[in-house]
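Residue-level structural notes
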Amino acid sequence: MSATDVLTVAAEGGVIGDGRTGAILALGVGLIGVAVGWLALARVAGRFSTGNARTGAMSAMAVGLVGTALAALHLATSSGGPGTGNGIVGAIVAIPLGLIAMALGRRALTRSRRAERSADRFEHEREFGSTS
């Protein structure tokens, strides 16, 4: 089974379940992405000392992308409109959640790179003395 087939089956609700299952899956993945992105931002700010902020940021961006793709695929494959019970509204809500997760991950990645550069600069100045 190819990756496209797996995503299509997941977006359609899998083997069992009604039309809302794919939207609920996309919502869950989007919420997990937002949580991971928020934790990555907290790690960069120094609120948590466990884990790697860069890994969390990349994970949030990947999970957000998957959530957005699942929601878009569910929207493309479901029939009917809002209020029909096919999970259209859930998929519409899941798209911004995935995008928020990607934005949080990108922000955490940018902040971790900036913090890494300033730490390297500080270490360089401490080792060789100030050049200015």
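Residues numbered from 1 in each chain as written. Predicted model: local features only at pLDDT ≥ 70, side-chain atom pairs only at ≥ 80, totals over all residues. Heavy atoms only, no water.

Here's the deal with the overall build of the chain
Inclusion rule: Secondary structure elements follow DSSP: runs of H or I of four or more residues count as helices, runs of E of two or more count as strands, with numbering from the N terminus. Exposure is judged per residue with a 1.4 Å probe applied to protein chains only, and the accessible area is read against the type maximum: over 50% gives exposed, under 20% gives buried, and values in between give partly exposed. Contact between two residues is taken to exist if any of their heavy atoms lie within 4.5 Å; hydrogens are not considered. In short, Shrake-Rupley with a 1.4 Å probe defines the accessible areas, and a residue's cover is counted only from the protein chains shown.
Helix and strand counts for the chain stand at 4 helices and 0 strands. Taken from N to C terminus, the helices and strands of the chain fall in the order α-α-α-α. Taken across its 132 residues, the chain has 29% of its residues classed as buried. Sequence-distant contacts in the chain: of pairs separated by 6 or more residues, those separated by 24 or more amount to 67%. Carbon and sulfur atoms provide 63% of the accessible area of the chain, an area that totals close to 8,000 Å².

A word on the nonpolar core
Nonpolar side chains tend toward joint burial in soluble globular proteins. The condition that has to hold: In this text, buried Ala, Val, Leu, Ile, Met, Phe, Trp, Tyr and Cys residues form a nonpolar core when linked through side-chain atoms within 4.5 Å.
In this structure, V34, A40, L41, A57, L97, A101, L104, A108 and L109 together form the largest nonpolar core, which totals 9 residues. Listing elements by their share of this core, those giving two or more residues are α2 (20-45) and α4 (88-128). Examining the composition of this core, we find that 5 residues originate from one element, α4, more than from any other. Ignoring anything within four residues of it in the chain, the contact list for L41 reads L104, R107, A108 and R111. With 7 residues, the next largest nonpolar core counts A23, L70, A71 and A91 among its residues.

Overview of the packing of α2 against helix α3 (residues 53-77)
In plain terms, the rule: For helices, the fitted line uses only the C-alpha atoms of the stretch in contact; every axis is such a line through C-alpha atoms, and the angle between N-to-C directions lies from 0 to 180 degrees. An angle counts as roughly parallel when it lies under 35 degrees, as roughly antiparallel when it exceeds 145, as roughly perpendicular when it falls between 65 and 115, and as oblique in every other case. Here a crossing is called left-handed whenever its near helix is offset anticlockwise from the far helix by less than a right angle, and right-handed whenever the offset is clockwise. Polar here means any residue other than Ala, Val, Leu, Ile, Met, Phe, Trp, Tyr, Cys and Pro, which are nonpolar, and Asp, Glu, Lys and Arg, which are charged; Gly is therefore polar.
Contact geometry of α2 with α3 gives a least axis separation of 8 Å together with a crossing angle of 160°. Classed by the angle they form, the pair α2 and α3 counts as roughly antiparallel. Read as a crossing pair, α2 and α3 show a hand that is left-handed. For the pair α2 and α3, the contacting residues are G22, A23, L25, A26, V29, I32, G33, V36, G37, A40, R43 and V44 in the first and A53, G56, A57, S59, A60, V63, V66, G67, L70, A71 and H74 in the second. The class makeup of the residues in the contact of α2 with α3 is 15 nonpolar, 7 polar and 1 charged.

Re α3
What sets the pattern is the α-helix's 3.6 residues per turn: residues three or four places apart point alike. Defined as follows: Here a helix's expected span is defined as the number of its residues, less one, multiplied by 1.5 Å.
Between its first and last C-alpha atoms α3 spans 36 Å; for 25 residues at 1.5 Å apiece the expected length is 36 Å, and the two agree. The set of residues buried in α3 consists of A53, G56, A57, A60, G64, G67, T68, L70, A71 and H74.

Some points on α2
Over its 26 residues, α2 extends 38 Å from the first C-alpha to the last, a length consistent with the 38 Å expected when each residue adds 1.5 Å. Turning to α2, its buried residues number three or more, namely G22, A23, A26, V29, G30, G33, V34, G37, A40, L41 and A42. Positive phi appears at G46, one or two residues downstream of α2, with a value of about 90°.

Some words on the environment of L70
With respect to the helices and strands, the residue L70 is situated in helix α3. Given the relative accessible area of 5%, L70 is considered buried. Separated by 28 residues in the primary sequence, L70 and G98 have C-alpha atoms spaced 9.5 Å apart.

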